[in-house]
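Spelled out from the first residue to the last, the chains are:
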Amino acid sequence: YDLNVRFAKNYRQDIDAILNQKVMFMNNRGQKLSIPIISVVKSYNVVFKNTSIKRKNLENVVAAFGGVEESANANEVVAKLKNELTTFENSPEWKVFKNKGVKFKFGGQMEEQQKEMEFLSSALLIAVFLILLIIVTQFNSFSTPAIILLAVVLSLAGVFLGIVITREPFVIIMTMIGIISLAGIVVNNAIVLIDYTNLIRKRKREDLGLNETQQLTIDDVKDAIITGGQTRLRPVLLTAITTILGLLPLATGMNIDFFSLYTDFDPKIFFGGDNAIFFGPMSTTIIYGLTFATFLTLVAVPVMYYLLYRLKLWVYKVGKWELKSNI
């Protein structure tokens, strides 16, 4: 009968302990002898094998696990591993494995993050598409949605710039939720500014008695843009400031004990907690993007509005449409 003997679990990874293990047997003289295994082993090789075969989609899979220290950033560790694996792919040793059909990919937490990133990126594109669809039907124009889309792009630039400056981690779920929410918030300032500018242009056209084919002069449009920016400056700033101030307690995790405040006049204010860890990345994302986009919207949106109007005039001249004589 074949006997499979398994070493004790505590010493199973120690090759010396296995080789020094003594085997008891009785010789032909009836003597009991104790001889270590190393005395009867001529040579040995250490081979690492899996105790079981794992398959995924009918393919054999070998999983290598690794932990990340609490103070380390998992994304940075994965980026370093990808660089090392890229270097290994260019080596001659990898060609041997590649010819045998061996390939590798990251799983576990990184795989889940990749799926969440793909889902939230698709949600962001759908949200932006719906915003543009509503704006096109509301303004009956294609140039206005393009200008408003610029505000969304500026907000994204502000988010990444704020994360880089403050050295905060990019949390996949909450940061992306903040970016999606931000896309619906920052368009308000651009819509208010452009809508009031169009209203001023409409009043100017009625005062001059222009028909649909006639266009305002460049100076008239410039005056309308300046007037709209001056009039809507305060509402745009107040809207952004109140939103940012409202998100600061959630971003910093400010906690107030209202019970002790009413009884002992001691609010016991402190910052931090589990809520700040969970909702902090979302709040800071909206704060960074809204702060950056608000100030650039007051500059970039009027400039884009003016440049697109100049482009329209050039298209009218090339197409030889009827223009007002003083243009």
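Calculation notes
- Residues numbered from 1 in each chain as written.
- Predicted model: local features only at pLDDT ≥ 70, side-chain atom pairs only at ≥ 80, totals over all residues.
- Heavy atoms only, no water.
- Pairing = 2+ DSSP bridges.
- Helix = DSSP H or I, 4+ residues; strand = E, 2+ residues; numbered from the N terminus.
- Axes fitted to C-alpha atoms, helices over the stretch in contact; angles between N-to-C directions.
- Left-handed = near helix turned anticlockwise from the far one by under 90°.
- Contact = heavy atoms within 4.5 Å.
- Nonpolar A, V, L, I, M, F, W, Y, C, P; charged D, E, K, R; others polar.
- Expected span 1.5 Å × (residues − 1).
- Buried < 20%, exposed > 50% of the residue type's maximum accessible area, 1.4 Å probe, protein only.
- Core = buried A, V, L, I, M, F, W, Y, C linked by side-chain atoms within 4.5 Å.
- Parallel < 35°, antiparallel > 145°, perpendicular 65-115°, else oblique.

With five bridges joining them, strand S1 (residues 22-26) and strand S2 (residues 32-36) adopt antiparallel strand pairing. Directly across from Val-23, in S2, lies its bridge partner Ile-35. Linking S1 to S2, which pair antiparallel, is a turn of five residues; within it Gly-30 sits at a positive phi near 85 degrees.

Here the focus is the packing of helix H6 (residues 172-208) against helix H7 (residues 218-252). Between two packed helices, both the angle of their axes relative to each other and the distance between the axes serve to describe the pair. Between H6 and H7, whose axes approach to 8 Å, the crossing angle comes to 145 degrees. Crossing of H6 over H7 shows right-handed handedness. Of the residues in H7, those touching H6 at Asn-189, Val-192, Leu-193, Tyr-196, Thr-197, Ile-200, Arg-201, Lys-204 and Leu-208 are Asp-220, Val-221, Ala-224, Ile-225, Thr-227, Gly-228, Gly-229, Thr-231, Arg-232, Val-236 and Thr-239. Classifying every residue of the contact of H6 with H7 gives nine nonpolar, seven polar and four charged.

Helix length check: helix H4 (residues 109-139) (31 residues) gives 44 Å between terminal C-alpha atoms against 45 Å at 1.5 Å per residue, within 8%. Buried within H4 we find Met-110, Glu-111, Gln-113, Leu-120, Leu-124, Val-128, Ile-135 and Phe-139. Trailing H4 by a residue or two, Asn-140 shows a phi angle of about 55 degrees, which is positive.

Right, let's talk about the nonpolar core for a bit. In terms of nonpolar packing, the biggest core is built from 40 residues, with Ile-148, Val-186 and Ile-194 touching the most fellow members. Contributing elements (two or more residues each) for this core: H4, helix H5 (143-166), H6, H7 and helix H9 (274-319). It is H9 that contributes the most residues to this core, eleven residues altogether. If we skip the residues at most four places from it in the chain, Ile-148 touches Ile-135, Phe-139, Val-187, Ala-190, Ile-191 and Ile-194.

Our next topic: the side chain of Thr-197. With respect to the helices and strands, the residue Thr-197 is situated in helix H6. Assessed through its relative accessible area of 4%, Thr-197 is described here as buried. Leave out the neighbours within four places in its chain, and Thr-197 touches Ala-224, Ile-225, Gly-228 and Tyr-305.

Across the interface, H4 lies against H5 with an axial gap of 9 Å and an inter-helix angle of 140 degrees. Taken together, H4 and H5 sit at an angle that is classed as oblique. The two elements H4 and H5 cross, and the hand of that crossing is right-handed. Taking contact as the criterion, the partners of Val-128, Leu-132, Ile-135, Val-136 and Phe-139 in H4 are, on H5, Thr-144, Pro-145, Ile-148 and Leu-149. When grouped by side-chain class, the residues that make up the contact of H4 with H5 number eight nonpolar, one polar and no charged.

Treat this as a map of the structure, not an account of what it does.
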